[in-house]
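This is what each chain is made of:
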Amino acid sequence: LDYDTNVGTGTNASVQFLGVPILYSPWLSFPLNNQRKSGILAPTYGSTSDSGFEFTLPYYWNIAPNMDATFFPRFLSKRGLQLGTDFRYLGEFYQGLYNGNLHLEYLPGDRERHLDRWGVSLSHLQTLAPGLTAAVAYNRVSDDHYYTDLSSQISTTAKAQLLQQGVLNYQGGGWWNAKVNFQSFQTLQPDAQNLIIAPYRMLPQVTFNARQPDLYATDSSLFGQYTRFVAPANNQVEGQRLVVQPQISLPYVTPGWYVVPRVGVNATHYALSYPGTVTAGEN
């Protein structure tokens, strides 16, 4: 253990669980603190009836303090070698912060499906100016059976709608805000006997909110939204929708009545009193 460099090394190292060795390596290197370090991560392995024996050996690359990447080659005995990477980043652009995550997977020449398989997932969030932000989410795969064939997680194999979205949001108006949303989906059909209805695309949807709580002694607000619905198939109806909901309220405040408890000689009296007056009672 080298505490000057905060790095530990080991030779002929093994990891045991309940006395049973589950991992062996002729050489290991690991950090002694919470700092990231490039190197090979713990492998994963398993077996499925569709893909055969699976083995993944991830490699972590600490590129810079504000970005890193993980490469995970995955061997599938029935399908071939799948390559994947997970890239994370954050930074500042024109005094605006941004961060994101890019996930890529590629399996050339799947021996079971006889085609190239790929998947991409991008999530990006950026501040363009004070009060103005933008977000992008893009998810797409090569075919309808991508997750059912290549994923071992139930939550992932159940995916049928892959979001593709771009949002521009403004919150710096003080008494008003607005949002522009472009939204679409890739709809997967893994089961030809149970087709999934593809949702309409919103190209675009514009939302506006405004509120003035002291406009000429009133509390006034306005909600407006315009949406252009684009059909995912040629034989479906397309349309536009406009929603406008104005609201105005006038506060009306008057003095109220309250109960004054009074204690008499023989019993307790209760009388309704108007503010500023006293009601006497006698038993």
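The structure displayed is predicted, hence computed values, not measured ones.

Participant: What should I look at first to understand a nonpolar patch on the surface in this one?
Facilitator: Taken together, Ile40, Tyr45, Phe53, Phe55, Leu57, Tyr59, Trp61, Phe71, Phe75, Leu81 and Leu83 make up a surface patch of nonpolar side chains, about 1,100 Å² in accessible area. The set of elements that each furnish at least two residues to the nonpolar patch consists of strand S5 (52-56), strand S6 (59-64) and strand S9 (80-93). Its place among the elements puts Phe53 in strand S5. Given a relative accessible area of 43%, Phe53 falls into the partly exposed group.

Participant: What is the right way to read the pattern of salt bridges from this model?
Facilitator: A side chain of one charge can pair with a side chain of the opposite charge if their charged atoms are brought near each other. Taken as a whole and judged by the stated rule, the model has ten salt bridges. The residue Arg79 makes a salt bridge to Asp149 at a minimum N-O spacing of 3.9 Å. Residue Arg79 is located in the loop between strand S8 (74-76) and S9, and its partner Asp149 is located in helix H1 (residues 146-150); the two are separated by 70 residues in the primary sequence. The exposure class assigned to Asp149 is buried, which follows from its relative accessible area of 10%. Arg117 serves as the salt-bridge partner of Asp149, at 3.2 Å between the closest nitrogen and oxygen. Taken together, the residues span a long stretch of sequence, with Asp149 in helix H1 and Arg117 in strand S11 (residues 115-129) at a distance of 32 residues. Look at the salt bridges and you will find they share partners, linking Arg79, Asp110, Arg113, Arg117, Asp143 and Asp149 into a network.

Participant: Can you help me understand the confidence of the model for the protein in this one?
Facilitator: Where the model shows low pLDDT, its predicted coordinates should not be examined in detail. Averaged over the protein, the pLDDT score is 88; the fraction of residues at 70 or greater is 89%. Taken element by element, the protein is modelled with least confidence in strand S19 (residues 268-273), mean pLDDT 49, and with most confidence in strand S7 (residues 67-71), mean pLDDT 97.

Participant: I tried to follow the packing of aromatic side chains on my own but got confused; where do I start?
Facilitator: Where two aromatic rings form a pair, the distance of their centres and the angle of their planes describe that pair. A full pass over the atoms with the stated rule returns eight aromatic pairs. Centroid distance Trp61 to Phe71: 6.4 Å. Interplanar angle 25°. Geometry classified as stacked. Placement of the pair is Trp61 in strand S6 and Phe71 in strand S7, with a sequence separation of ten residues. Since its relative accessible area comes to 40%, Trp61 is described here as partly exposed. Accessibility expressed as a relative area gives 33% for Phe71, which makes it partly exposed. Taken together, the ring pairs in this structure connect Phe87, Tyr89 and Tyr98 into an aromatic cluster.

Participant: I tried to follow the pairing of strand S14 (residues 176-187) on my own but got confused; where do I start?
Facilitator: Regular strands have side chains that alternate between both faces of the sheet. Sheet topology note: the strand S13 (residues 161-170)/S14 ladder contains ten bridges and is antiparallel. Bridged to Asn169 within S14 is Lys179. What sits between the antiparallel neighbours S13 and S14 is a turn of five residues, in which Gly174 has the positive phi angle 80°. One ladder, built from seven bridges, connects S14 with strand S15 (residues 201-215); its direction is antiparallel.

Participant: Explain the environment of Ile63 here, please?
Facilitator: Within the secondary structure, Ile63 is located in strand S6. Between the C-alpha atoms of Ile63 and Phe87, which are 24 residues apart in sequence, the distance is 9.9 Å. Sequence-distant contacts of Ile63, that is, excluding residues within four places in its chain, are made with Asp68, Ala69 and Phe87.

Reading guide: rules and limits
- Residues numbered from 1 in each chain as written.
- Predicted model: local features only at pLDDT ≥ 70, side-chain atom pairs only at ≥ 80, totals over all residues.
- Heavy atoms only, no water.
- Patch = residues over 30% accessible without salt bridge, like charges linked within 9 Å, V, L, I, M, F, W, Y side chains within 5 Å.
- Areas by Shrake-Rupley, 256 points an atom, 1.4 Å probe, with all protein chains shown as cover.
- Salt bridge = Lys/Arg side-chain N within 4 Å of Asp/Glu carboxyl O.
- Helix = DSSP H or I, 4+ residues; strand = E, 2+ residues; numbered from the N terminus.
- Buried < 20%, exposed > 50% of the residue type's maximum accessible area, 1.4 Å probe, protein only.
- pLDDT = per-residue confidence, 0-100.
- Phe/Tyr/Trp six-rings, centres within 6.5 Å; stacked < 30°, edge-to-face > 60°.
- Pairing = 2+ DSSP bridges.
- Contact = heavy atoms within 4.5 Å.

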